[in-house]
There are 2 protein chains.
Amino acid sequence: MDKKVREDVHTTGVPTLCQACDARHRGVCGALNTNQLVTLSKHSVRRKLDPGTELVGEEQDVSQYSNVIGGVVKLTKMLSDGRQQIVGLQFAPDFLGRPFSRSSRFSAEAATDVELCSFSKGLIDRMIDESPDLEHKLLEQTLKELDEARDWMLTLGRKTAAEKVASFLHLIAVNVDPEASESEGPITFDLPLTRADIADFLGLTIETVSRQLTKLRKDGVIHIENNRHITVPDIERLNDRASL
Amino acid sequence: MDKKVREDVHTTGVPTLCQACDARHRGVCGALNTNQLVTLSKHSVRRKLDPGTELVGEEQDVSQYSNVIGGVVKLTKMLSDGRQQIVGLQFAPDFLGRPFSRSSRFSAEAATDVELCSFSKGLIDRMIDESPDLEHKLLEQTLKELDEARDWMLTLGRKTAAEKVASFLHLIAVNVDPEASESEGPITFDLPLTRADIADFLGLTIETVSRQLTKLRKDGVIHIENNRHITVPDIERLNDRASL
DNA sequence: CGGCTCCTTGATATACGTCAATGGGCGTGG
DNA sequence: CCACGCCCATTGACGTATATCAAGGAGCCG
């Protein structure tokens, strides 16, 4: 299961699995010392998930935490009649899981091919108790997610369909290339979500999303290939459409 | 400024100002020891605000943290053309302020008469460094707010106007009486928000909010007196309307 | 080739927004 | 005391953005 982990605590100390891992640089693992990393890596599993795989169900108990190593995980909520809303997207190297609560309040599902690094909840919970740095990292990530959620509330509550779709494209573009907002030059990326997912993220229908995308395409704000591959020649024009 | 604070560290120790304060029991101050409470209370100010008073502007620097002692504070975001969205409501004994960031990403405004207990940011930031318990409390509150924000995203994105208004009434009812959801019997409360605020919270217009409220009234789900005073005879019927 | 899934496009319906008029409560000033 | 204006809320008539319903195309796999 973790056969790739060389346990040579006496050399550099950092488990090989972790050495190149983004979570150690920008994610929560950055708050751990070498010993903790070693302990954790012994009890961690790398997993690959296909799109659509459900990680945790709504209201379901959670016994695992994970770091997102690659791909996109969507967090969704559903009403009893089936209406669905995506309440968050997690990109690498985000931490996935809900400290201090045994059950999740939403379901987590792979939107794309996803690679995870998972570990038992108990182990992390114990590390949180011991290591203020880890708790600090978690607080930082949680505050970031809260900011993002509130930004999105403005989008959901007050923007038009056209602005919503542009805002979504902006969100993805920025995640692909964090410098994108400032730099000149075209940005290109693959949409991690289907039209149905985009609709659930924006509080719209598939049809409306589709219409707004073709409108953006016809207006030259974006180019679309194969439904998924997007090029944004001028991010400023996109931002205008998103009312940013 | 803090003339009411008896500094008798040798008796009970807890500053009189804090003794009856809800923030010490259920809020972040619960994570502080007596010494910290004394230090903090020496540098804290009780303030009363009139409805409409702005606490912090969007993008503005924050030099103060506060506990909400009474009343309701609304957190709002605005688009450049004036469209507005309330992204959160803070009730007593919520903590108000943004750790690790000098500027706020939304504006905070008193929705009702509000009583605050404010203290300098620097002091708290230092206490956070020293006291893991305090950081833990902050993480808990932040996670709670994140859950609430995501719940609301479902409301904003996927519920009808009728369901939105019912959801809002439910939110207020539960905040007034946390047991309300289970217990039988009528619940009665004053709306802390004007119709305009409710509209900004729900992503609707004033008129639509008004129409939905009169519909609920005509259907006997609620009684309304003086525009603000609401009675809910049967919370179950309200929950049904909110699709909860 | 047929049968998927995903996406687009068009015609029509409807929930909600917009515009406009009205009324109630309340403080101010005659 | 009433008159006036102001703010807030309600109500109605009408407009429109987005949903719904329906058809069809493109890619993909067995």
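Rules used throughout
- Residues numbered from 1 in each chain as written.
- Chains lettered and ligands numbered in written order.
- Predicted model: local features only at pLDDT ≥ 70, side-chain atom pairs only at ≥ 80, totals over all residues.
- Heavy atoms only, no water.
- Contact = heavy atoms within 4.5 Å.
- Buried area = accessible area lost by both parts, 1.4 Å probe.
- Salt bridge = Lys/Arg side-chain N within 4 Å of Asp/Glu carboxyl O.
- Polar contact = N/O pair within 3.5 Å; in protein donor to acceptor, adjacent residues only side chain to side chain.
- Helix = DSSP H or I, 4+ residues; strand = E, 2+ residues; numbered from the N terminus.
- Nonpolar A, V, L, I, M, F, W, Y, C, P; charged D, E, K, R; others polar.
- Near = heavy atom within 4 Å.
- Pairing = 2+ DSSP bridges.
- Axes fitted to C-alpha atoms, helices over the stretch in contact; angles between N-to-C directions.
- Buried < 20%, exposed > 50% of the residue type's maximum accessible area, 1.4 Å probe, protein only.
- Patch = residues over 30% accessible without salt bridge, like charges linked within 9 Å, V, L, I, M, F, W, Y side chains within 5 Å.
- Areas by Shrake-Rupley, 256 points an atom, 1.4 Å probe, with all protein chains shown as cover.
- Lys, Arg positive; Asp, Glu negative; His and termini not counted.
- Charge placed at Lys NZ, Arg CZ, Asp CG, Glu CD.
- Domains from an automatic or database assignment.

Per an unreviewed UniProt entry, chain A carries the name Transcriptional regulator and comes from Zhengella mangrovi.

Our focus in this paragraph is the interface of chain B and chain A. The interface is formed by 43 residues belonging to chain B together with 43 residues belonging to chain A. Roughly 4200 Å² is buried in total at the junction of chain B and chain A, and carbon and sulfur atoms are behind 61% of that figure. Interface area lost by chain B to chain A is led by Arg150, Met153 and Arg158 of chain B, which between them contribute 20%. On the surface where chain B and chain A come into contact, there are 14 salt bridges. Measuring nitrogen to oxygen at the nearest pair gives 2.5 Å for the salt bridge that ties Asp147 of chain B to Arg98 of chain A. Summed over the shared surface of chain B and chain A, the result is 22 residue pairs in polar contact (both at pLDDT 80 or more). Secondary structure elements with two or more residues in the side of chain B that touches chain A: strand S4 (73–78), strand S5 (84–90), helix H5 (132–158) and helix H7 (195–202) of chain B. Examining the composition of the side of chain B that touches chain A, we find that 21 residues originate from one element, H5 of chain B, more than from any other. Its residues placed into classes, the side of chain B that touches chain A shows 19 nonpolar, 9 polar and 15 charged.

With that out of the way, let us pick up the protein's contact with DNA strand C. Every one of the 18 residues lining DNA strand C counts as a neighbour, but Arg195, Ser210 and Thr214 of chain A together with Thr208 and Arg211 of chain B are closest to it. Within the side chain of Ser210 of chain A, one N or O atom sits 2.7 Å away from a phosphate oxygen of DNA strand C. Between DNA strand C and the protein, one listed contact pairs a base nitrogen with a side-chain N or O atom of Glu207 of chain B at 3.0 Å. For the surface near DNA strand C, the secondary structure elements donating two or more residues are helix H8 (206–218) of chain A together with helix H8 (206–218) of chain B. Among the elements that line the surface near DNA strand C, the one with the most residues is H8 of chain A, at 6 residues. For the surface near DNA strand C, the per-class residue count stands at 3 nonpolar, 8 polar and 7 charged.

Glancing now at the protein's contact with DNA strand D. Around DNA strand D, 18 residues are found, and the nearest of them are Ala161 and Thr208 of chain A together with Ser210, Arg211 and Thr214 of chain B. Here a phosphate oxygen of DNA strand D sits 3.1 Å away from a polar atom, N or O, in the side chain of Thr205 of chain A. In the model, a phosphate oxygen of DNA strand D is placed 2.6 Å from a nitrogen or oxygen of the Ser210 of chain B side chain. Contributing elements (two or more residues each) for the surface near DNA strand D: H8 of chain A together with H7 and H8 of chain B. Of the residues assigned to the surface near DNA strand D, the class counts are 4 nonpolar, 8 polar and 6 charged.

On to the sheet that holds strand S10 (residues 223–225) of chain B. Residues and elements named next belong to chain B. Spatially, 3 strands are ordered S9-S11-S10 in an open sheet, and the strand pairing comes out antiparallel. Two strands lie at the open edges of the sheet, namely strand S9 (187–190) and S10, each paired on one side alone. Neighbour to neighbour, the strand axes of the sheet diverge by 20° on average, direction disregarded.

Residue and element names in this part refer to chain A. Reading across the sheet, the 4 strands line up as S2-S7-S4-S5 and stay open at both edges, with antiparallel pairing between neighbours. The open sheet terminates on both sides in strands that have one partner only, identified here as strand S2 (54–56) and strand S5 (84–91). Averaged over all pairs of adjacent strands, the angle between strand axes in this sheet comes to 30°, irrespective of strand direction. Bridge count between strand S4 (residues 72–78) and S5: 7 bridges; the pairing is antiparallel. If you follow Val72 over to S5, its bridge partner there is Phe91.

Gln36, Leu37, Val38, Leu40 and Ser41 of chain B are the residues of helix H3 (residues 34–42) of chain B that are buried. In the core, the buried residues of H3 of chain B are packed alongside helix H1 (16–19), helix H2 (22–25), strand S1 (44–49), strand S8 (114–120) and helix H4 (121–130) of chain B.

All right, on to the environment of Lys137 of chain A then. Counting through the fold element by element, Lys137 of chain A comes out in helix H5 (residues 132–158). With near-sequence residues (within four places) excluded, Lys137 of chain A lies in contact with Arg26, Gly27, Val28 and Ala31 of chain A.

Residues and elements named next belong to chain A. Tracing the backbone shows Ala111 in the loop between strand S7 (107–110) and strand S8 (114–120). Looking at Ala111, the relative accessible area reads 11%, which means it is buried. When the C-alpha atoms of Ala111 and Asp50 are compared, they prove to be 8.3 Å apart, with 61 residues separating the residues in sequence. In this structure Ala111 touches Pro51, Val72, Val73, Lys74, Pro192 and Leu193, once residues within four positions along its chain are discounted.

Another point: a negative patch on the surface. Residues and elements named next belong to chain A. On the surface, Glu184, Asp234, Glu236 and Asp240 cluster together into a patch of negative charge. Mapped onto the fold, Glu236 is located in helix H9 (residues 235–242). The partly exposed category is assigned to Glu236, whose relative accessible area is 43%.

All names here are of chain A. Taken domain by domain, chain A comprises domain 1 (16–138) and domain 2 (158–243). Measuring from the centre of the C-alpha atoms in domain 1 to the corresponding centre in domain 2 gives 27 Å. On the side of domain 2, 10 residues touch domain 1, which itself brings 10 residues to the contact. A buried area of about 840 Å², summed over both sides, lies between domain 1 and domain 2, and 62% of it is on carbon and sulfur atoms. Contact with domain 2 buries surface across domain 1, with Ile86, Leu89 and Phe91 losing the most and accounting together for 51% of the total. Linking domain 1 to domain 2 there are 1 salt bridge. One salt bridge connects Lys74 with Asp197, and the closest N-O pair in it is separated by 2.7 Å. Connecting domain 1 to domain 2 are 4 residue pairs in polar contact (both at pLDDT 80 or more). Listed by contribution, the elements that provide at least two residues to the side of domain 1 that touches domain 2 are S4 and S5.

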